[in-house]
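Okay, here's what each chain looks like letter by letter:
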Amino acid sequence: MKTGTLYLIPTILADDTAAQVLPAQIAGRIAELSYFLVENARTARRFIKSMAPHHVIEELRISVIDKDSTEAQIQAALQPLVNGQDAGVISEAGCPGIADPGAELARRAHQLGIRVVPLVGPSSLLLALMASGMNGQSFAFHGYLPIERGKRAAALKALEKQALTQHQTQLFIETPYRNMQLLEDLLATLHPGTRLCVAASLTAAQEYVRTDTIAGWKKAGVPEIHKQPAVFLIGS
């Protein structure tokens, strides 16, 4: 029996931006699918309905796969594809599989011989890197840094050393309500000549991207990005 195809479907980073950031291919693919593996059921249903208004949401099959899902739950979610049904993966925001539980679905799908197809859409990490002016030939993403300030300062020093010695851009994120504390720690910890980029609310009307040295940031002041999704980059 031929297996189904797992489509990795990007979603928007900011409200009311689908027409600007998503190709027509996305709406067309969503309209053709009746089974979705999603990180958050509520936001996924809203996104699906906005992209394919003819869909009757109650008639769709929607399985939640998030960071707490077990291997058995992932296996069960992929079983319809083993039996030949196509499915779409929808993240909370941006591209599935990038800093996202969708990576586990793709990993297991490959093991099961299921075709995995990534579709084009916005990635906050790539957009931030593009706009930063930092090295796009060599870079690393580290997810969330430690919450405890002493451990976070040590992590920032280590990332700074890697950025400067290897000329490798270091990317990381923070829970939006802790953005301002992270900015304080960045200015207090890093060398004055180290470059820092802050990329917040990407693709939204209030999008903010700025790169400067730590000394420049201290002189000009920090932006108010409390509760805004943001990517932080350190470079030489």
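As for the pattern of salt bridges
Reasoning step 1: Within this structure, the stated rule accounts for twelve salt bridges.
Reasoning step 2: Asp68 is the salt-bridge partner of Lys67, the closest N and O atoms lying 3.5 Å from each other.
Reasoning step 3: Judged by its relative accessible area of 56%, Asp68 falls in the exposed class.
Reasoning step 4: The residue Asp212 makes a salt bridge to Arg210 at a minimum N-O spacing of 2.8 Å.
Reasoning step 5: Here the salt bridges do not stand alone but share partners, grouping Arg149, Arg152, Glu174, Arg178, Glu184 and Asp185 into one network.

Points about the environment of Thr213
Reasoning step 1: Structurally, Thr213 is set in strand β9 (residues 208-213).
Reasoning step 2: Sequence-wise, Thr213 and Gly193 are 20 residues apart; in three dimensions their C-alpha atoms are separated by 5.4 Å.
Reasoning step 3: Apart from the residues within four sequence positions on either side, Thr213 is in contact with Pro192, Gly193, Thr194 and Arg195.
Reasoning step 4: At 2.9 Å, the side chain of Thr213 forms a polar contact with the backbone nitrogen of Gly216.

A look at the sheet that holds strand β3 (residues 61-64)
Reasoning step 1: Strand order across the open sheet formed by five strands is β3-β2-β4-β1-β5, with parallel pairing between neighbours. The outermost strands of the open sheet, each flanked by one partner alone, are β3 and β5 (115-118). Going from strand to strand, the sheet's axes swing by 25° on average, the running direction of each strand aside.

Side note on the side chain of Asn179
Reasoning step 1: Looking at where Asn179 falls in the secondary structure, it is placed in helix α8 (residues 179-189).
Reasoning step 2: A distance of 2.7 Å separates the side chain of Asn179 from the backbone oxygen of Gln228, its partner in a polar contact.
Reasoning step 3: Apart from the residues lying within four places of it in its own chain, the contact partners of Asn179 are Glu174, Ile225, Lys227, Gln228, Ala230 and Phe232.

Some points on the side chain of Asn135
Reasoning step 1: Mapped onto the secondary structure, Asn135 falls in the loop between α6 (124-132) and β6 (139-144).
Reasoning step 2: Note on Asn135: relative accessible area 17%, which makes it buried.
Reasoning step 3: Here His167 takes part through its backbone oxygen, which lies 2.7 Å from a polar atom of the side chain of Asn135.
Reasoning step 4: Apart from the residues lying within four places of it in its own chain, the contact partners of Asn135 are Leu129, His167 and Thr169.

Notes on the nonpolar core
Reasoning step 1: Among the nonpolar cores identified, the biggest contains 20 residues, and Phe172, Leu183, Leu186, Ile225, Phe232 and Ile234 are the most heavily contacted of them.
Reasoning step 2: Mapped by element, the contributors of at least two residues to this core are α7 (149-166), α8, β8 (195-200), α9 (214-220) and β10 (230-235).
Reasoning step 3: Among the elements that take part in this core, α8 stands out by supplying five residues, more than any other.
Reasoning step 4: Not counting residues up to four positions away in its chain, the partners in contact with Ile225 are Pro176, Asn179, Met180, Leu183, Val198, Ala200, Ala230 and Phe232.
Reasoning step 5: Ranked by size, the runner-up nonpolar core spans 19 residues in total, among them Ile12, Ile48, Ala52 and Leu60.

What about the sheet that holds β9?
Reasoning step 1: Taking strand neighbours across the sheet as the criterion, the five strands line up as β6-β7-β10-β8-β9 in an open arrangement whose pairing is mixed. The strands lining the two open edges of the sheet, one partner per strand, are β6 and β9. Each strand axis lies, on average, 15° off the axis of its neighbour in the sheet, ignoring direction.
Reasoning step 2: The pairing of β6 with strand β7 (residues 169-173) spans four bridges and is parallel. By the bridge assignment, Tyr144 is partnered in β7 with Ile173.
Reasoning step 3: Along the sheet, α6 makes contact with β6, β7, β8, β9 and β10, crossing β10 at roughly 45°.
Reasoning step 4: Packed on one face of the sheet, α7 meets β6, β7 and β10 and runs near 55° to β10.

Considerations on the packing of α7 against α8
Reasoning step 1: Contact geometry of α7 with α8 gives a least axis separation of 10 Å together with a crossing angle of 55°. Accordingly, the angle class assigned to the pair α7 and α8 is oblique. Here α7 and α8 pass one another in a crossing that is right-handed. Taking contact as the criterion, the partners of Arg149, Arg152, Ala153, Leu156 and Lys157 in α7 are, on α8, Gln181, Leu182, Glu184, Asp185, Leu186 and Thr189.
Reasoning step 2: Residue composition of the contact of α7 with α8, by class: four nonpolar, two polar and five charged.

Let's talk about α6
Reasoning step 1: Where α6 is concerned, the buried positions are Leu125, Ala128, Leu129 and Ser132. Relative to the axis of α6, the buried residues are bounded by an arc of 100° and lie together on one face.
Reasoning step 2: Along its buried surface, α6 packs onto β6, β7, β8, β9 and β10.
Reasoning step 3: Gly133 occupies a position one or two residues after α6 and carries a positive phi of about 80°.

Cut-offs and rules
Residues numbered from 1 in each chain as written. Predicted model: local features only at pLDDT ≥ 70, side-chain atom pairs only at ≥ 80, totals over all residues. Heavy atoms only, no water. Salt bridge = Lys/Arg side-chain N within 4 Å of Asp/Glu carboxyl O. Buried < 20%, exposed > 50% of the residue type's maximum accessible area, 1.4 Å probe, protein only. Helix = DSSP H or I, 4+ residues; strand = E, 2+ residues; numbered from the N terminus. Contact = heavy atoms within 4.5 Å. Polar contact = N/O pair within 3.5 Å; in protein donor to acceptor, adjacent residues only side chain to side chain. Pairing = 2+ DSSP bridges. Axes fitted to C-alpha atoms, helices over the stretch in contact; angles between N-to-C directions. Core = buried A, V, L, I, M, F, W, Y, C linked by side-chain atoms within 4.5 Å. Parallel < 35°, antiparallel > 145°, perpendicular 65-115°, else oblique. Left-handed = near helix turned anticlockwise from the far one by under 90°. Nonpolar A, V, L, I, M, F, W, Y, C, P; charged D, E, K, R; others polar. Arc of directions from axis to C-beta.

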